[in-house]
Amino acid sequence: MFPVKELKRSLFVSIWFAFLTFPIMVIKVDPIERIVSWRWDNMIFVAIGSFVLSILAKVYFVRKERRAGSKKAQTVLTEPYVHRILREPRFLYPLSLAVLTFAILFPHLFSAYQTNIMTTALMYVVLGLGLNIVVGVAGLLDLGYVAFYAVGAYSYALLNMHFGLSFWLAMPIGGLLAAFVGVLLGFPVLRLRGDYLAIVTLGFGEIIRLVLENWNDFSQGPSGIANISRPGFFGIDMSFSASINYIYYLVVGLVVVTIFVVNRLQSSRLGRAWLALREDEIACQAMGIDKTKTKLIAFSLGAFWAGLVGVIFAAKTTFVNPASFTFLESAIILSIVVLGGMGSIVGVILGALTLILLPEYLRALSEYRMLAFGAILVIMMIFRPEGLISNVRRSYRFKKQTSSESE
Amino acid sequence: MDYFIELLFGGLTRGSIYALIALGYTMVYGIIGLINFAHGEIYMIGAFTSFIVATVLSIYGFPLLAIVVIAALAAAVWSSAYGVTIEKIAYRPLRHAPRLSPLISAIGMSIFLQNYVLLAQTSDFLPFPALIPEFAFMEPVAHIVGSSDLVILITTTLVMFALTLLIKFTRIGKAMRATAQDRTMAMLVGINVDRVISATFVIGSALAALGGMLIASHIGQINFYIGFLAGIKAFTAAVLGGIGSIPGAVLGSLVLGLTESFATGYVSSDYEDVFAFSLLVLILIFKPSGLLGKAETKKV
């Protein structure tokens, strides 16, 4: 199956990588004790690993070419099964009912620890869906998304600390503040080209974090704000485990609302304008879409969701500090959107659940978590830029009277 | 006055290191129009390689001059190798993809490399051996200008000069300029564009590695995370000068270095990084084409 030429190429690749990783993988020095340890076993792993990977990549590309050659006639993108199933009401309703029932029963079936992890994962689902509006639907690469999350978290923390504001009042305030900051940043920045926008948002995210870290009078610096009150429920005092379940249900509710809103938005006039803007700005302007306004709405709407989740985050952990809002957090949320499939709601949900739950349960792998996130971004872009579940644009076809099948 | 001169030299040193990194950004951007997000990581790997090589050699008792030369060469060689490999794996397959794809891939690569070094080495700050000795003739002014400042300034000036010659007069330099102007046209006149792109990555990475080694020796410690901040700041410098323009990158870096140095010296050192980021945001808002860049007009 493999010609000798290919094997030779893979052998060259493996030698190249063994050379490439030599100083960093093999040598480890202790500059204080002045000891050098040579870890030759690592070199063997790298060589074998890169050999296998290069063969796999080659096989993939050969197959892809062959498929492209044989199927040239029918290159119509088929919708993934998940979307086709969800389109059918007779599948959709029982399925969503089952998922909802499971979600409601979850805290009673599993321990408080599991519920807590699930709450975190669901918060990332909402964050992913929020960023999906900005990156996936409107095509604006936002690398400082975590800044809005921080705005939400800190607005609840500070309002609670200074004025004793309750969670329910803080939630809309946190969301609106984040959206306001989004508008404030977006207004001057959104006329920039895509890659500049990415860097500016990244810089902005870092500015917010650095200000929170250094402005001690305002945010108590790196030590953060502790003893934030948990959300109340008509003034009833709750036990610790009850409040975990309560926050869980709250997040489930937020997920449902988010899915509903995002889904409605995508097929709205505004949603279609976003898609069009993502595809071609100039054509879009020629069609009479207000570019700045449309982008600004996407940007601030995404920020609003981050703000909401930020408030919940502060209430859940009862403690916020700037270390929770680093660039890596933005990168994780971006990986969720990219892995799941930009623009696809089901994709983003699955992406968030895999990326957050998997490292939790595979503790041995959690050390390699960030390494994997980085690799996912690269691999997905090269092999499957549309994500696990691709979002095929909704198309409408003329329905013939006689045909029973509608697409 | 002494304080002013100290800050001035501090700023120039800083700026010349930024320039070494910013050149890589600006050259790559000029040729393939991509913000090479992983460039900061190349710089970090250069610093790490020189750290490892220098420490090993000093344990085995090599003389200082040999250590400096070998460490610099090793850093340049391995960083270039990383640069070329990254381009092959993460950017080349995406050359015709939509604009956001290579950028996301570059961000992924940057996160991957950071964690690769973190896992293969350590997350602690490591003491970097002092590669630049304290010169005796610098004694009278040592409290204002350190020996390493002087070495960094001289080295970067020489490197910039060599780079200018390379780009102006050599065959590969001409090919690079041609590719930057118009890639398709360059291909039509028989330039091997893939090789030009690889050469750009080699030069950019080697410069970044040299910068990494110099600054690590100047500051005296390294860590896997140094590339992130340095990368963003160098990018700021490149944008400030006008991305794609080589003299612009140098000018922008010096302006940024001086701004940071004076701002931390006279205003507040807590917000050192905020100044750079604010400068970046301000330039992109008010003058996205930079000091020496040409405004990009898009034809439909």
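Worth saying up front: this structure is predicted, and the values here are computed from it rather than measured.

Q: Whenever I open this one, the overall build of chain B confuses me. Can you help?
A: Along its length, chain B carries 11 helices and two strands. Put simply, chain B runs from its N terminus to its C terminus through helices and strands in the order α-α-α-α-β-α-α-α-α-β-α-α-α. Projected onto its principal axes, the C-alpha coordinates of chain B cover approximately 60 × 45 × 40 Å. Going through the 300 residues of chain B one by one, you find that 56% of them count as buried.

Q: Can you help me understand the overall build of chain A in this one?
A: Helices and strands together make up the secondary structure of chain A, namely 17 helices and two strands. When the backbone C-alpha atoms are referred to their principal axes, chain A occupies close to 85 × 75 × 50 Å. Taking all 407 residues of chain A together, the buried fraction comes to 48%. Long-range contacts, defined here as pairs at least 24 residues apart, represent 75% of the contacts in chain A between residues at least 6 apart.

Q: Sorry, what's going on with a nonpolar patch on the surface here?
A: Where nonpolar side chains cluster on the molecular surface, the patch consists of Trp38 and Trp40 of chain A together with Tyr60, Phe62, Leu65, Val69, Ile70 and Leu73 of chain B and spans about 850 Å² of accessible area. Per-element tally for the nonpolar patch: the top contributor is helix H3 (residues 64-91) of chain B, with four residues.

Q: Got a minute to help me understand the pairing of strand E1 (residues 27-30) of chain A in this structure?
A: Working note: regular strand, side chains alternate between the two faces of the sheet. Residue and element names in this part refer to chain A. Burial along E1 is one-sided: the residues Ile27 and Val29 are buried and none of Lys28 and Asp30 is. Across four bridges, E1 lies against strand E2 (residues 35-38) in antiparallel orientation. Across the sheet, residue Val29 finds its bridge partner in E2, namely Val36. Remark: four residues form the turn of the hairpin made by E1 and E2, two consecutive strands paired antiparallel; Arg34 in that turn has positive phi of roughly 60 degrees.

Q: What's the story with the interface of chain A and chain B in this structure? I'm lost.
A: Accessible area lost when the parts come together is the quantity often used to give the size of an interface. Across the contact, 55 residues belong to chain A and 60 residues belong to chain B. Roughly 5500 Å² of surface becomes buried between chain A and chain B when both sides are summed, with 78% attributable to carbon and sulfur atoms. At the junction of chain A with chain B, the criterion picks out zero salt bridges. Of all the secondary structure elements, the ones that give two or more residues to the side of chain A that touches chain B are helix H1 (4-20), helix H2 (22-26), E1, E2, helix H8 (167-189), helix H9 (194-214), helix H15 (327-340) and helix H17 (369-383) of chain A. Examining the composition of the side of chain A that touches chain B, we find that 12 residues originate from one element, H9 of chain A, more than from any other. Looking at the side of chain A that touches chain B residue by residue, the class counts come to 42 nonpolar, five polar and eight charged.

Q: For this particular structure, what's the right way to read H1 of chain A?
A: In an α-helix, one turn spans 3.6 residues; hence positions three or four apart end up facing the same way. Residues and elements named next belong to chain A. Taking 1.5 Å per residue, 17 residues should reach 24 Å; H1 reaches 24 Å between its end C-alpha atoms and fits that length. For H1, every residue scored as buried is listed here: Glu6, Ser10, Val13, Ser14, Ala18 and Leu20. Each buried residue of H1 lies within a common arc of 165 degrees when the element is viewed along its axis, so the set occupies one face. Exposed and oriented more than 90 degrees from the buried face of H1 are Val4, Lys5, Lys8, Phe12 and Ile15.

Q: Sorry if this is basic, but what is going on with a positive patch on the surface here?
A: On the surface, Arg63, Lys64, Arg66 and Arg67 of chain A cluster together into a positively charged patch. Position of Arg67 of chain A among the secondary structure elements: in helix H3 (residues 40-70).

Q: Teacher, can you tell me more about the packing of helix H5 (residues 147-169) of chain B against helix H6 (residues 171-181) of chain B here?
A: In a packed pair of helices, the relevant descriptors are the angle between the two axes and the axis-to-axis distance. Residues and elements named next belong to chain B. Running from N to C, H5 and H6 cross one another at 75 degrees; their axes reach a closest spacing of 5 Å. Overall, the two elements H5 and H6 adopt an arrangement that is roughly perpendicular. Contacts between H5 and H6 involve Leu166, Ile167, Lys168 and Phe169 from the first element and Arg171, Gly173, Lys174 and Arg177 from the second. Taken together, the residues of the contact of H5 with H6 break down into three nonpolar, one polar and four charged.

Q: In this structure, what is going on with the environment of Met25 of chain A? I would like to understand it.
A: Following the sequence through the fold, Met25 of chain A ends up in helix H2. Sequence spacing of Met25 of chain A and Ser366 of chain A is 341 residues, and the spatial spacing of their C-alpha atoms is 20 Å.

Q: It is not clear to me how the side chain of Asp149 of chain B should be interpreted in this structure. Could you clarify?
A: Residue and element names in this part refer to chain B. Along the chain, Asp149 turns up in helix H5. Although buried, Asp149 forms no salt bridge, and the nearest oppositely charged side chain, Arg14, lies 8.8 Å from it. Here the side chain of Asp149 touches Thr13 through a polar contact of 2.7 Å, side chain to side chain.

Q: Honestly, the packing of aromatic side chains in this entry has me stumped. Any pointers?
A: Geometry of an aromatic ring pair is reported as the spacing of the ring centres plus the angle between the planes. Residues and elements named next belong to chain A. Enumeration over the complete set of coordinates arrives at 34 aromatic pairs over all chains. Ring geometry for Tyr156 against Phe167: centres 5.8 Å apart, planes inclined by 80 degrees, an arrangement best described as edge-to-face. Here Tyr156 is found in helix H7 (residues 145-163), whereas its partner Phe167 is found in helix H8, with 11 residues between them in sequence.

Q: I'm lost on the nonpolar core in this one. Help?
A: Note on soluble globular proteins: their nonpolar side chains tend to be buried together. Residue and element names in this part refer to chain A. Counting 210 residues, the largest nonpolar core has Leu141 and Phe148 as the members making the most contacts within it. In terms of residue count, helix H6 (residues 112-137) provides more of this core than any other element does, 15 residues in total. Here this core gathers at least three residues from each of two domains, domain 1 (4-70) and domain 2 (81-383). Setting aside residues up to four positions removed in sequence, Phe148 forms contacts with Asp142, Ala178, Val181, Gly182, Leu185, Phe204, Phe299, Ala303, Ala306 and Gly307.

Q: When you look at unusual backbone geometry in this model, what are you seeing that I'm missing?
A: The bulk of non-glycine residues show a negative phi, and the bulk of peptide bonds are trans. Even without glycine at this site, Thr318 of chain A takes up a positive phi of about 55 degrees. Looking at the secondary structure, you find Thr318 of chain A in the loop between helix H14 (291-317) and H15.

Q: Looking at this structure, how should I read the environment of Asp290 of chain A?
A: Residue and element names in this part refer to chain A. Here Asp290 shows up in the loop between helix H13 (281-286) and H14. We classify Asp290 as partly exposed; its relative accessible area is 43%. Along the backbone, Asp290 and Val36 are 254 residues apart, and their C-alpha atoms lie at a distance of 62 Å. Engagement of the side chain of Asp290 in a polar contact is seen with the backbone nitrogen of Lys293, the distance being 3.4 Å.

Q: Would you mind going over the domain arrangement of chain A with me for this structure?
A: In terms of domains, chain A is made up of domain 1 (4-70) and domain 2 (81-383). When each unit is reduced to the centre of its C-alpha atoms, the spacing between domain 1 of chain A and domain 2 of chain A is 37 Å.

Q: Would you explain the packing of helix H2 (residues 39-59) of chain B against H3 of chain B in this entry?
A: All names here are of chain B. Where H2 contacts H3, the axes come no closer than 8 Å and their chain directions differ by 145 degrees. The interaxial crossing formed by H2 with H3 has right-handed handedness. Taken together, the residues of H3 that come into contact with H2 (itself represented by Ile42, Ile45, Gly46, Thr49, Ser50, Val53, Ala54, Leu57 and Ser58) are Ile67, Ile70, Ala71, Ala74, Ala75, Trp78, Ser79, Tyr82, Gly83 and Ile86. Split by residue class, the contact of H2 with H3 holds 13 nonpolar, six polar and no charged.

Quick notes on the rules
- Residues numbered from 1 in each chain as written.
- Chains lettered and ligands numbered in written order.
- Predicted model: local features only at pLDDT ≥ 70, side-chain atom pairs only at ≥ 80, totals over all residues.
- Heavy atoms only, no water.
- Helix = DSSP H or I, 4+ residues; strand = E, 2+ residues; numbered from the N terminus.
- Buried < 20%, exposed > 50% of the residue type's maximum accessible area, 1.4 Å probe, protein only.
- Contact = heavy atoms within 4.5 Å.
- Patch = residues over 30% accessible without salt bridge, like charges linked within 9 Å, V, L, I, M, F, W, Y side chains within 5 Å.
- Areas by Shrake-Rupley, 256 points an atom, 1.4 Å probe, with all protein chains shown as cover.
- Salt bridge = Lys/Arg side-chain N within 4 Å of Asp/Glu carboxyl O.
- Pairing = 2+ DSSP bridges.
- Buried area = accessible area lost by both parts, 1.4 Å probe.
- Nonpolar A, V, L, I, M, F, W, Y, C, P; charged D, E, K, R; others polar.
- Expected span 1.5 Å × (residues − 1).
- Arc of directions from axis to C-beta.
- Lys, Arg positive; Asp, Glu negative; His and termini not counted.
- Charge placed at Lys NZ, Arg CZ, Asp CG, Glu CD.
- Axes fitted to C-alpha atoms, helices over the stretch in contact; angles between N-to-C directions.
- Parallel < 35°, antiparallel > 145°, perpendicular 65-115°, else oblique.
- Polar contact = N/O pair within 3.5 Å; in protein donor to acceptor, adjacent residues only side chain to side chain.
- Phe/Tyr/Trp six-rings, centres within 6.5 Å; stacked < 30°, edge-to-face > 60°.
- Core = buried A, V, L, I, M, F, W, Y, C linked by side-chain atoms within 4.5 Å.
- Domains from an automatic or database assignment.
- Left-handed = near helix turned anticlockwise from the far one by under 90°.

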